[in-house]
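Next come the chains, spelled out residue by residue.
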Amino acid sequence: QPIVSLGSGEIEGFEALLRWHHPSRGAISPTEFIPIAEESGYINSIGLWTLREACKQLRNLQKRFPRKPPLFMSVNLSGVQFLRADLGTKIDQVLRETGLRPETLKLEITESVIMEHAEYSDQMLNQLKQQQIRIAIDDFGTGYASMSYLRRFPFDTVKVDQSFVRRMSLDPESAVIVKTIIDMAHNLAMDVVAEGVEQPEQCELLRGLNCESAQGFLFARPCEAAALESMLGTQPKW
Ligand code: C2E
Ligand code: CA
Ligand code: CA
């Protein structure tokens, strides 16, 4: 799914969203199969495959559509993957194989995973930062103690959860929460991606709050890599 810069109105990167096309059951949502893959341990091989595939697709898009700064890819990381000590080595391998610059890869880790393993997260996130990989905290605002955790860890990006974005044009309290998250992230030198933007009014409100980037059905639904190529070819602007 494209991520759009609210400053330029152009696509600046993507989030890799996994799909399972089952031969008889059709399309199965990641919210259904990821938890099962996590329990069975398959998530490690699925996650590594996803990372490799996402990096390959991104490298291809970067070559076809050179930009300054280059297009980036955000990849979701399961807590199970994050807790493996060899994560950094595995990612390094994939980056070398695919010829991708590490600073164009962003790992999305949910707030809850980080909060449940704070000590470990300190170490692992700093290691990943040393490898020049970017880190985003996903679904921000849905857990407890979020505010103090923002300062403690080296995040590059805060992803505002879609539940706040959805309500912000209807309910002033949600709009205040979104503004607070954006201001706080900026004070800590982090940028902000708003998720689940569906309405032009939400987009305008977010622009007014100096939110850097947004993703959602207003811009584009998640799609196959081939569709991204034709989309980038038409240079859409929002
Ligand atoms: P997420 O990381 O919060 O991803 C955003 C979800 O919001 C995606 O659902 C996306 O399709 C959906 N979305 C995007 N824009 C809009 C919008 O404007 N409106 C609405 N209503 N929804 C929007 P999806 O693709 O079904 O993925 C669900 C979750 O599954 C993700 O939530 C993520 O936690 C997980 N997931 C997806 N791919 C992967 C993966 O490769 N690895 C892991 N570990 N988890 C994944
Ligand atoms: Ca995500
Ligand atoms: Ca999210």
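Heads up: the structure comes first, above all this text.
Rules and cut-offs
- Residues numbered from 1 in each chain as written.
- Chains lettered and ligands numbered in written order.
- Predicted model: local features only at pLDDT ≥ 70, side-chain atom pairs only at ≥ 80, totals over all residues.
- Heavy atoms only, no water.
- Donors = N, O, S within 2.8 Å, 3.2 Å for Na, K, Ca; no water.
- Helix = DSSP H or I, 4+ residues; strand = E, 2+ residues; numbered from the N terminus.
- Buried < 20%, exposed > 50% of the residue type's maximum accessible area, 1.4 Å probe, protein only.
- Arc of directions from axis to C-beta.
- Contact = heavy atoms within 4.5 Å.
- Polar contact = N/O pair within 3.5 Å; in protein donor to acceptor, adjacent residues only side chain to side chain.
- Phe/Tyr/Trp six-rings, centres within 6.5 Å; stacked < 30°, edge-to-face > 60°.
- Near = heavy atom within 4 Å.
- Areas by Shrake-Rupley, 256 points an atom, 1.4 Å probe, with all protein chains shown as cover.
- Pairing = 2+ DSSP bridges.
- Salt bridge = Lys/Arg side-chain N within 4 Å of Asp/Glu carboxyl O.

Caption draft 1: Layout of the coordination of the calcium ion (ligand 2). Only Glu-15 (OE), Asn-76 (OD1), Glu-108 (OE) and Asp-138 (OD) from the protein coordinate the calcium ion (ligand 2), and they sit 2.1 to 2.3 Å from it. Distance-wise, the calcium ion (ligand 3) is placed 3.9 Å from the calcium ion (ligand 2), both being coordinated by Asp-138. With Glu-15 in strand β2 (residues 11–16) and Asn-76 in strand β5 (residues 72–76), the pair connects residues that are 61 residues apart, well separated along the chain. Classification of Asn-76 by relative accessible area gives partly exposed; the value is 31%.

Caption draft 2: Main features of helix α11 (residues 225–233). Every buried residue of α11 is listed here: Leu-228, Glu-229 and Leu-232. Each buried residue of α11 sits inside an arc of 105 degrees when the element is viewed along its axis, so together they form one side. Opposite its buried face, α11 presents the exposed residues Ala-226 and Gly-233, each directed more than 90 degrees away. Those residues of α11 that are buried are in contact with β1 (2–5), β2 and α2 (43–64).

Caption draft 3: Quick look at the side chain of Ser-74. Mapped onto the secondary structure, Ser-74 falls in strand β5. Given a relative accessible area of 1%, Ser-74 falls into the buried group. Only 2.8 Å separates the side chain of Ser-74 from the side chain of Glu-108, close enough to count as a polar contact.

Caption draft 4: Quick look at the packing of aromatic side chains. The full count for this structure, using the stated rule, is 5 aromatic pairs. Ring centres of Phe-82 and Tyr-120 lie 5.6 Å apart, and the angle between their planes is 90 degrees; on these two criteria the pair is classed as edge-to-face. Placement of Phe-82 in helix α3 (residues 79–82) and of Tyr-120 in helix α6 (residues 118–130) is noted, with a sequence separation of 38 residues between them. You can call Phe-82 buried: its relative accessible area is 0%. Measuring from ring centre to ring centre gives 5.4 Å for Phe-219 and Trp-238, while their planes differ by 85 degrees; the resulting arrangement is edge-to-face. Remark: Trp-238 occurs in the segment after α11 and Phe-219 occurs in the loop between β10 (213–214) and α11; sequence separation between them is 19 residues. Given the relative accessible area of 8%, Phe-219 is considered buried. Judged by relative accessible area, Trp-238 falls into the partly exposed class, the value being 32%.

Caption draft 5: Quick look at the coordination of the calcium ion (ligand 3). The calcium ion (ligand 3) binds to the protein through Asp-138 (OD), Asp-139 (OD), Glu-195 (OE) and Glu-195 (OE); the donor distances cover 2.2 to 2.6 Å. Along the chain, the residues donating to the calcium ion (ligand 3) are arranged with the sequence spacing D-D-x55-E.

Caption draft 6: Representation of the environment of Gln-127 in the model. Tracing the chain through its elements places Gln-127 in helix α6. You can call Gln-127 partly exposed: its relative accessible area is 32%. Here the alpha-carbon distance between Gln-127 and Ile-11, two residues 116 residues apart in the chain, equals 29 Å.

Caption draft 7: Local environment of the site of ligand 1. Around ligand 1 sit 21 residues, and of these Gln-1, Arg-19, Gln-162, Glu-198 and Phe-217 come closest. In the model, a nitrogen atom of ligand 1 is placed 3.1 Å from a nitrogen or oxygen of the Leu-18 main chain. Asp-139 is positioned such that a nitrogen or oxygen atom in its side chain is 3.3 Å from an oxygen atom of ligand 1. A total of 800 Å² of accessible area belongs to ligand 1 in isolation, and the protein chains cover 82% of it.

Caption draft 8: Expanded view of the pairing of strand β9 (residues 191–194). Sheet analysis places strand β8 (residues 157–160) next to β9, joined by 4 bridges and oriented parallel. If you follow Lys-159 over to β9, its bridge partner there is Val-193. By the bridge criterion, 2 bridges tie β9 to β10 in an arrangement that is parallel. When the bridges of β10 are listed, Val-193 appears paired with Ser-213.

Caption draft 9: The pattern of salt bridges, seen in detail. This model, assessed by the stated rule, comprises 17 salt bridges. A salt bridge links Glu-97 to Arg-52, with the nearest nitrogen and oxygen atoms 2.8 Å apart. Highlighted residues: Glu-97 in helix α4 (residues 87–98) and Arg-52 in helix α2, separated in sequence by 45 residues. According to the relative accessible area criterion, Arg-52 is partly exposed, its value standing at 26%. The partner of Glu-103 in a salt bridge is Arg-101, with the nearest N and O atoms 2.8 Å apart. In the salt-bridge network here, residues are joined through shared partners; they are Glu-15, Glu-108, Lys-159 and Glu-195.

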